[in-house]
Amino acid sequence: MRSTYSEDDVILLLKDITGMVEPKSTEEREKLIQSGKHYSEMLPIEYIPTDKYMQVYNEALKNYARPVAKAVGSLAYKVIKHRGKDVVLVSLARAGIPIGILLKRYIKKKYHMDVPHYSISIIRGRGIDDNAMKYLMDHYKPAQLLFVDGWIGKGAILNELKKDIASYEGVSSEIAVIADPANVTELCGTHEDILIPSSCLNSTVSGLVSRTFLRNDIIKEKDFHGAVYYEELKDSDLSYEFIYAIEKEFSMENRNDSYKVHGKGMDEVIEIGRAFGVKDINLIKPGIGEATRVLLRRIPWKVLIDERFKEDPQLDHLVRLAEEKKVPVEYYPLKHYKCCGIIKNIADA
């Protein structure tokens, strides 16, 4: 699979389906998804950020590179302590890719180990890419594989992993993430809902690769899951700018992050559903990363922001996107998260 990343940083176990899929508008995709079509059978038209939004992204990168770098260091320490020097990083495409690269680079810098890093597809409701897993298990011991993602919202992908990985003997369903506000894994850089600036953009901060795709007229029995390479966006590619900005803030001193909120994020999501009359919890996307995705590629109903973070610059990009898309922002008390996106139920629209 082509990308703007070097193979020294990551090898993408994906099928290049560039030119084979006609992307659909956000409105069309949302109607199809909510009428039962699986999101992995379509690709969105990529959101091209406005100049104003890019100003907010650049500000976010400047302000939050250091906390993210600190979380990468904390996560790397836990990975080496618990998984040892033979670990093989397997990032979940695509939000996990830049995180896997940062983790690989930090481990090389601090521990002088060049650990392998691959990226594979996992799709909620469809599972992990079996051909990619077979490839990895042909080349490495099952116990070496460690899954990596950017953040955990409410834990849907972790649940998917636990279900799927049961059939791969010796492979752990453990997942390493930068931020886990849902409080479901100890292998995280922090339990705080921090802004990871890569969540603010789509392919232009992910090697110009689309989200992953699975439809049996294009992805055959022996194929890896698919993705598109957006060559036409190469002048807007910020993938390495993001990596370098975080890497520049790496500290070789790791301090344990003691931040933690008791209870699980999922309980709070269920409570939000009750408070706002949302029966389908798949429409509730908690945390900075997930709320950003709602605004970038779904049809949002509203955005909730915790009252304590009303003027917080961490959430400037969300407020900016909500203004652009005319989505109401409501201030609402949250415990695990700083914000939450709620997708519009098309049946109610």
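Here we summarise the structure given alongside this text. (Residues numbered from 1 in each chain as written. Predicted model: local features only at pLDDT ≥ 70, side-chain atom pairs only at ≥ 80, totals over all residues. Heavy atoms only, no water.)

**Focus on helix 6 (residues 239-247)**
Link 1 in the chain: Burial analysis of helix 6 places 7 of its 9 residues in the buried class, which makes it a mostly covered element.
Link 2 in the chain: Restricting attention to buried positions, one finds in helix 6 the residues Ser239, Tyr240, Phe242, Ile243, Ala245, Ile246 and Glu247. (Buried < 20%, exposed > 50% of the residue type's maximum accessible area, 1.4 Å probe, protein only. Helix = DSSP H or I, 4+ residues; strand = E, 2+ residues; numbered from the N terminus.)

**Topic: the packing of aromatic side chains**
Between two aromatic rings, the relevant description is the distance of the centres plus the angle of the planes.
Link 1 in the chain: A complete count under the given rule lists 8 aromatic pairs for this structure.
Link 2 in the chain: One aromatic cluster in this structure is built from Tyr118, Tyr135, Tyr140 and Phe224.
Link 3 in the chain: A cation over an aromatic ring shows up here: Lys302 above the ring of Trp301, its NZ or CZ 4.5 Å from the ring centre.
Link 4 in the chain: Looking at Lys310, its charged tip hangs above the ring of Tyr331, at a distance of 4.8 Å from the centre. (Phe/Tyr/Trp six-rings, centres within 6.5 Å; stacked < 30°, edge-to-face > 60°. Lys NZ or Arg CZ within 6 Å of the ring centre and 35° of its normal.)

**Observations regarding unusual backbone geometry**
Link 1 in the chain: The omega torsion across Ala93 and Arg94 is 0°, close enough to zero to call that bond cis.
Link 2 in the chain: Relative to the elements of secondary structure, Arg94 occurs in the loop between strand 3 (88-93) and helix 3 (96-111).
Link 3 in the chain: Of note, the phi angle at His112 is positive, near 55°, even though the residue is not glycine.
Link 4 in the chain: Within the element layout of this structure, His112 appears in the loop between helix 3 and strand 4 (117-123).
Link 5 in the chain: In the Ramachandran plot, Asn183 falls in the positive-phi region, its phi being about 65° despite a non-glycine side chain.
Link 6 in the chain: With respect to the helices, strands and loops of the structure, Asn183 is situated in the loop between strand 7 (175-179) and strand 8 (188-190).
Link 7 in the chain: On the accessibility criterion, Asn183 (10% relative accessible area) is buried.

**A look at the nonpolar core**
Link 1 in the chain: In terms of nonpolar packing, the biggest core is built from 68 residues, with Tyr57, Ile178, Ile196, Phe242 and Ile246 touching the most fellow members.
Link 2 in the chain: Sort the elements by how many residues they give to this core and helix 2 (residues 51-83) lands first, with 15 residues.
Link 3 in the chain: With 38 residues, the next largest nonpolar core counts Val90, Leu92, Tyr118 and Leu145 among its residues. (Core = buried A, V, L, I, M, F, W, Y, C linked by side-chain atoms within 4.5 Å.)

**Some thoughts on helix 7 (residues 265-276)**
Link 1 in the chain: Relative to the 16 Å expected for 12 residues at 1.5 Å per residue, helix 7 spans 17 Å between its end C-alpha atoms, a close match to the ideal helical length.
Link 2 in the chain: Among all positions of helix 7, only Gly265, Glu268, Val269, Ile272, Gly273 and Phe276 are buried. Buried residues along helix 7 cover an arc of 150° about the axis, so they all sit on one side. Summarising the geometry of helix 7, the exposed residues directed more than 90 degrees from the buried face are Asp267 and Arg274.
Link 3 in the chain: Looking at the residues trailing helix 7, positive phi occurs at Gly277, about 65°. (Expected span 1.5 Å × (residues − 1). Arc of directions from axis to C-beta.)

**Considering the side chain of Lys302**
Link 1 in the chain: Here Lys302 is to be found in strand 11 (residues 300-305).
Link 2 in the chain: Side-chain polar atoms of Lys302 contact the side chain of Glu330, separated by 2.8 Å.
Link 3 in the chain: Leave out the neighbours within four places in its chain, and Lys302 touches Phe276, Val327, Pro328, Glu330, Cys340, Gly341 and Ile342. (Polar contact = N/O pair within 3.5 Å; in protein donor to acceptor, adjacent residues only side chain to side chain. Contact = heavy atoms within 4.5 Å.)

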